[in-house]
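Inside the fold
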Amino acid sequence: MSVIIPTLDEEDCLARTLRSVQALDPPAWEVLVVDGGSRDGTIRIAEAAGATVLRCARAGRGVQMNAGARAASGTLLCFLHADTLIPPDLTRLAARTLSDHSIACAGFISVMRTGGRVCWVVTAMNLLKTHLAPLLFRPLAFCRGLRLLFGDQVMVLRRETFWADGGFDERLTLLEDGDLCLRIVNQGRLTLIPRLVESSGRRVRAWGSFRAITTYLSIGILWGLGVAPERMRRFYEDVR
């Protein structure tokens, strides 16, 4: 399995994430950190952890993850956010799940944590959105196996599945993961592995709980109504 981590000024989170990757048993085949032009200590941290660092001429999560996928040599591709911690058995769970070729992509249950406590409302809402958004807005696709997976749920899929639909749409700066889900459901089901990964609640901390909840909920509804991701971008600024 090739672990692909897009980064841009992630020195506050990356070391912990890479430690969780190093604890994988069995280990990942390779770890690729794809940097979009960091000006902090991100690259130094990645190199110190033994990751392969790729430098992208253009920043953008879709652009960077595609660059990592092109360089990857593993059979499975695991797209991991720089602020997400994974369990040590993730490699085994992903391989076992994707040995079923009726499954096109797998993700995990994301728990959002900030300041040492779990943001239970946001966590529950994101879990619900995985199933409810496609059920309400894409019911036929839901019946075929569509689930809406986001990057903080750690998307894992076979390399041929990823490239069969062209990978991530590099024109998108938001919801490139949801867009991929809509396309790859034509190749098989998307599934949620009942195992927890832990994501940083830095947006909740920066925005406050009310704004975070309403933003996440609004984006899910607008996605369902077919609003272009670029029109939603102004509500979802980067937080480092």
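Below you will find a few notes about this structure. (Residues numbered from 1 in each chain as written. Predicted model: local features only at pLDDT ≥ 70, side-chain atom pairs only at ≥ 80, totals over all residues. Heavy atoms only, no water.)

1. Observations regarding the overall build of the protein
Applied cut-off: Starting at the N terminus, helices and strands are each numbered in turn, a helix being any DSSP run of H or I of at least four residues and a strand any DSSP run of E of at least two. Working definition: with a 1.4 Å probe on protein chains only, accessible area under 20% of the residue-type maximum means buried, over 50% means exposed, and in between means partly exposed. Contact between two residues is taken to exist if any of their heavy atoms lie within 4.5 Å; hydrogens are not considered. With residues, only the protein chains shown are counted as cover, and all accessible areas are computed by Shrake-Rupley using a 1.4 Å probe. Here the positive residues are Lys and Arg and the negative ones are Asp and Glu; neither His nor the chain ends is included. Charge positions are represented by NZ for Lys, CZ for Arg, CG for Asp and CD for Glu.
When helices and strands are tallied, the protein shows eleven helices and nine strands. Burial status across the protein gives 57% buried among its 240 residues. The long-range share in the protein, meaning contacts at least 24 apart out of those at least 6 apart in sequence, stands at 76%. Total accessible area computed for the protein in this model is approximately 10800 Å², and 56% of it derives from carbon and sulfur atoms. Once the 30 positive and 24 negative side-chain charges of the protein are each reduced to a mean point, those two points are 5 Å apart.

2. Quick word on helix α8 (residues 176-184)
In terms of burial, α8 is a largely internal element, seven of the nine residues being buried. Listed in full, the buried residues belonging to α8 are Glu 176, Asp 177, Gly 178, Asp 179, Leu 180, Cys 181 and Ile 184.

3. Concerning the pairing of strand β4 (residues 76-79)
Regular strands show a simple pattern: their side chains alternate between the two faces of the sheet. For clarity, the threshold we go by: Note: two strands are recorded as paired if DSSP finds a minimum of 2 bridges between them.
Across the two faces of β4 the burial is the same, with Leu 76 and Cys 78 and Leu 77 and Phe 79 all buried. Where strand β1 (residues 2-7) and β4 come together, three bridges link them in parallel fashion. Considered in β4, the bridge of Val 3 is made with Cys 78. As defined by bridge partners, β4 adjoins strand β8 (residues 155-158) across four bridges and the pair is classed as antiparallel. Across the sheet, the residue bridging to Cys 78 is Val 156, located in β8.

4. Here's the deal with helix α4 (residues 90-98)
Where we set the bar: Our arc is simply the arc of the directions from the helix axis toward the C-beta atoms.
Of all the positions in α4, only Leu 90, Thr 91, Leu 93, Ala 94, Thr 97 and Leu 98 are classed as buried. Down the axis of α4, the sector holding all buried residues measures 165 degrees, keeping them to one side. Along its buried surface, α4 packs onto β4, β6 (103-114), β8 and β9 (189-200).

5. Some details on the nonpolar core
Which entries qualify depends on this criterion: Here, nonpolar core means buried Ala, Val, Leu, Ile, Met, Phe, Trp, Tyr and Cys residues that are tied together by side-chain atoms lying within 4.5 Å of each other.
Membership of the largest hydrophobic core comes to 31 residues, with the highest contact counts inside it found for Met 1, Val 3, Ile 5, Val 154 and Val 156. Elements that contribute at least two residues to this core include exactly β1, α1 (14-22), β2 (30-35), α2 (42-48), β4, α4, β6 and β9. The leading source of residues in this core is α4, at four residues. Not counting the four nearest positions on each side in its chain, Val 156 is found in contact with Met 1, Leu 76, Leu 77, Cys 78, Ala 94, Leu 98, Cys 105, Ala 106 and Phe 108.

6. Description of the side chain of Asp 169
The cut-off we apply is this: A 3.5 Å cut-off defines polar contacts: any pair of N or O atoms within that distance qualifies, except that in protein one atom must be a possible hydrogen donor and the other a possible acceptor, and neighbouring residues in sequence count only when both atoms are side-chain atoms.
Looking at the element boundaries, Asp 169 is found in the loop between α7 (159-164) and α8. Side-chain polar atoms of Asp 169 contact the side chain of Arg 171, separated by 2.8 Å.

7. As for the pattern of salt bridges
Opposite charge on two side chains permits them to pair, given that their charged atoms come into close proximity. Which entries qualify depends on this criterion: The working definition used for a salt bridge is a side-chain nitrogen of Lys or Arg within 4 Å of a carboxyl oxygen of Asp or Glu.
Tallied over the full model, the rule gives eight salt bridges. Its salt-bridge partner being Arg 189, residue Asp 100 comes within 3.4 Å of it at the nearest N-O pair. Here Asp 100 is found in the loop between α4 and β6, whereas its partner Arg 189 is found in strand β9, with 89 residues between them in sequence. Residue Asp 100 is classed as partly exposed on the basis of its relative accessible area, which comes to 32%. Between Asp 179 and Arg 183 there is a salt bridge, with the nearest N and O atoms lying 2.9 Å from each other. Of this pair, Asp 179 and Arg 183 both sit in helix α8, four residues apart, which is roughly one turn of that helix. Several salt bridges share partner residues, and in doing so they unite Arg 58, Arg 70 and Glu 170 into one network.

8. Observations regarding the packing of aromatic side chains
Just so we agree on the cut-off: Centres within 6.5 Å are what make two rings of Phe, Tyr or Trp a pair, Trp counting through its six-membered ring; a difference in plane orientation under 30 degrees is then read as stacked, over 60 as edge-to-face, and the rest as tilted.
Enumeration over the complete set of coordinates arrives at four aromatic pairs. Between Phe 79 and Phe 168 the ring centres are 5.1 Å apart and the planes differ by 80 degrees, which places this aromatic pair in the edge-to-face class. Taken together, the residues Phe 79 in strand β4 and Phe 168 in the loop between α7 and α8 connect sequence positions 89 residues apart. Summarising the aromatic geometry, the rings of Phe 162 and Phe 168 are spaced 5.3 Å apart at their centres and angled 65 degrees between planes, so their arrangement reads as edge-to-face. Both residues of the pair, Phe 162 and Phe 168, count as buried.

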